[in-house]
Amino acid sequence: MAANIFLDLPGGLKMPALGIGTWQSKDETETAAAINAALDAGYRHIDTAYRYENEKIIGKVLKEWFASGKLKREDVFITTKLPLHAVHPDRVEPFMKKSLKNLGLDYVDLYLIHFPIGFKYDEGTEKLKINEKGEIETEGKTDHAAIWKKMEEQVDAGRAKTIGLSNYTIAQIQTVLKSARIKPANLQVEIHVYFQQHPLVDFCHKNGITVVAYSPLGSPGYNKFLKNMGQEPKELPDILADPVVGKIAKKHSKTPAQVVLRFLIQRGLAPIPKSVTPKRLQENINVFDFALDDGDFKELLKLDLGEKGRVCDFKLFKGIQNHPDFPVKG
């Protein structure tokens with residue numbers, strides 16, 4: 001098993017500083033094989049979400065590992081998320097329970113609000129409501145305090161060890177902090193060498209909030225997701241072909257992916273790269289036997305493109321950018 005380092009969460013809970021990110025897939029066999037390969041490689045941090053529709057597959061794999069005695073529940077850190085159509089005070093607890101049932105678990109280690117905007121939900125069809133313009137209907141301005149109170153109740157009930165946020169801005173986190181009885185333990189956002197988000201990370205660290213970096217390799221598979229959603233592909237950054245990254249990788253006899261993951265870990269973040277390939281899963285976790293020096297770090301810091309480097313802009317949800325809580329600038 002590969003070595004790991006950890007980020008400290010409330011209550012003595014420790015989050016492995018590198019995890020496996022998962023995504024929605026129509027191939028259940030592929031997803032199960034990827035989770036098995038990840039656990040075999042030494043991953044002990046699995047990130048999922050109700051929205052990804054893979055909780056049941058992950059739960060089945062975990063059940064097999066627990067039954068075999070190869071792992072105990074406390075050996076694995078599991079994150080899942082409140083879906084967009086459940087960002088409403090009345091829906092937090094029901095959807096928390098749905099996720100636990102899907103996963104076959106009594107609790108998750110971290111439960112996140114997936115997005116700072118709530119979508120309207122038709123309980124009869126179990127689908128999002130869409131208006132005559134083809135736009136997803138939202139719940140209006142988000143009552144962050146009311147929703148966070150319901151998140152806190154999940155900790156009180158023992159369904160979640162810790163709770164946090166995803167895709168929130170500094171201002172939105174501040175709104176939650178003002179009313180919070182239980183402070184957010186974590187923020188999950190897109191971060192990679194082309195989109196480094198220093199002000200947001202600094203704010204979180206100053207307030208004792210850990211940060212998980214999704215799309216840490218620049219999300220090279222994002223166009224496949226857009227295609228599945230019936231959207232046009234977009235031009236994506238090719239971080240792994242960047243000459244600076246390549247030069248540093250050669251210097252350390254590592255892959256470009258290992259270099260950019262190590263960069264995030266040395267920033268005190270927990271990257272969650274997605275992969276279904278056993279070889280890449282193994283490569284991605286082998287980042288604890290080397291360190292970037294100050295020169296490497298300075299060169300990688302210069303690759304930041306700011307907002308231009310963002311991949312996941314959420315504009316695939318038609319009309320959402322007009323919402324007052326839309327978190328993406330520009």
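Predicted model, so just to flag it, every value in this text is computed and none were measured.

Enquirer: Give a detailed account of the overall build of the protein chain, specifying residues and quantitative values.
Expert: The secondary structure content of the protein chain amounts to 11 helices and 12 strands. Taken over the C-alpha trace, the protein chain has a radius of gyration of 19 Å; the compact-globule value for 330 residues is 20 Å, and the two agree within 12%. A sequence separation of at least 24 residues applies to 72% of the contacts in the protein chain between residues at least 6 apart. Per element, the accessible surface of the protein chain, about 15,200 Å² overall, is 50% carbon and sulfur.

Enquirer: How would you explain the nonpolar core if you had to name every residue and give the values?
Expert: Soluble globular proteins: nonpolar side chains tend toward being buried together. Core analysis: the largest hydrophobic core is formed by 73 residues, its most contacted members being Ile46, Leu82, Tyr111, Ile113, Ile173, Leu187 and Leu300. Core analysis: the second largest hydrophobic core is formed by 25 residues, Ile136, Ala185, Cys312 and Val328 among them.

Enquirer: Could you give an account of helix H1 (residues 28–41), naming the residues involved and the relevant values?
Expert: For H1, which comprises 14 residues, the first-to-last C-alpha distance of 20 Å matches the rise-based estimate of 20 Å (1.5 Å per residue) to within 8%. Of the residues making up H1, those classed as buried are Thr31, Ala32, Ala34, Ile35, Ala37, Ala38, Leu39 and Ala41. At its buried positions, H1 is contacted by strand S3 (20–21), strand S4 (45–47), helix H2 (55–68) and helix H10 (278–285). For H1, the side-chain oxygen to backbone nitrogen distance between the N-cap and Thr29 is 3.1 Å, and the N-cap itself is Asp27. One or two positions beyond H1, positive phi appears at Gly42, with a value near 115°.

Enquirer: Describe the packing of aromatic side chains, naming the residues involved and giving the relevant values.
Expert: A full pass over the atoms with the stated rule returns five aromatic pairs. Centroid distance Phe95 to Tyr121: 5.7 Å. Interplanar angle 75°. Geometry classified as edge-to-face. Residue Phe95 is found in helix H3 (residues 92–103), and its partner Tyr121 is found in strand S7 (residues 121–122); the two are separated by 26 residues along the sequence. Judged by its relative accessible area of 3%, Phe95 falls in the buried class. Of the residues examined, Tyr121 reaches a relative accessible area of 11% and is grouped as buried. When the ring of Phe263 is compared with that of Phe297, the centres are 4.9 Å apart and the planes differ by 50°; the resulting orientation is tilted.

Enquirer: How would you summarise the packing of H1 against H2 if you had to cite specific residues and measurements?
Expert: With their axes 9 Å apart at the nearest point, H1 and H2 run at an angle of 45° to one another. Taken together, the axes of H1 and H2 are oblique relative to one another. Handedness of the crossing formed by H1 with H2: right-handed. Across from Glu28, Thr31, Ala32, Ile35, Asn36, Leu39 and Asp40 in H1, the residues of H2 making contact are Ile57, Ile58, Val61, Leu62 and Trp65.

Enquirer: I'd like to hear about the sheet that holds strand S6 (residues 108–113), residue by residue, with values.
Expert: Spatial ordering of the open sheet is given by S3-S4-S5-S6-S9-S10-S11-S12, a layout of eight strands whose pairing is parallel. Two strands close off the open sheet at either side, each with one partner strand: S3 and strand S12 (270–271). Direction of pairing for strand S9 (residues 160–166) relative to strand S10 (residues 186–190): parallel, over a ladder of three bridges. For Gly164, the partnering residue across the bridge sits in S10 and is Asn186.

Enquirer: Before we move on, could you go through the pattern of salt bridges and cite the residues and values that matter?
Expert: Considering all chains together, one arrives at 15 salt bridges under this definition. Salt bridges sharing partners connect three or more residues here, namely Glu93, Lys97 and Arg159.

Enquirer: If you had to explain the pairing of strand S5 (residues 77–82) to someone new, which residues and values would you point to?
Expert: Of all six residues making up S5, six are buried, and the element is well covered by its neighbours. Handedness of the S4-H2-S5 crossover: right-handed. Of the pairings in the sheet, the one linking S5 to S6 comprises four bridges and is parallel in character. Residue pairing for S6: Lys81 is matched across the bridge by Leu112. Taking the sense of rotation as the criterion, the β-α-β connection linking S5, H3 and S6 turns out right-handed.

Enquirer: Which residues make up the pairing of S10, and what values go with them?
Expert: Most of S10 sits out of view: five of its five residues are buried. Burial along S10 is two-sided: Asn186, Gln188 and Glu190 facing one way and Leu187 and Val189 facing the other are all buried. Each parallel crossover has a hand, and the one from S9 via helix H5 (residues 170–179) to S10 is right-handed. Taken together, the five bridges between S10 and strand S11 (residues 210–214) define a ladder with parallel strand orientation. Within S11, the position partnered with Asn186 by the bridge is Thr210.

The rules behind these values
- Residues numbered from 1 in each chain as written.
- Predicted model: local features only at pLDDT ≥ 70, side-chain atom pairs only at ≥ 80, totals over all residues.
- Heavy atoms only, no water.
- Helix = DSSP H or I, 4+ residues; strand = E, 2+ residues; numbered from the N terminus.
- Rg over C-alpha atoms; globule rule 2.2 N^0.38 Å.
- Contact = heavy atoms within 4.5 Å.
- Areas by Shrake-Rupley, 256 points an atom, 1.4 Å probe, with all protein chains shown as cover.
- Core = buried A, V, L, I, M, F, W, Y, C linked by side-chain atoms within 4.5 Å.
- Buried < 20%, exposed > 50% of the residue type's maximum accessible area, 1.4 Å probe, protein only.
- Expected span 1.5 Å × (residues − 1).
- Polar contact = N/O pair within 3.5 Å; in protein donor to acceptor, adjacent residues only side chain to side chain.
- Phe/Tyr/Trp six-rings, centres within 6.5 Å; stacked < 30°, edge-to-face > 60°.
- Axes fitted to C-alpha atoms, helices over the stretch in contact; angles between N-to-C directions.
- Parallel < 35°, antiparallel > 145°, perpendicular 65-115°, else oblique.
- Left-handed = near helix turned anticlockwise from the far one by under 90°.
- Pairing = 2+ DSSP bridges.
- Salt bridge = Lys/Arg side-chain N within 4 Å of Asp/Glu carboxyl O.
- Right-handed = clockwise from strand over helix to strand, strands pointing away.

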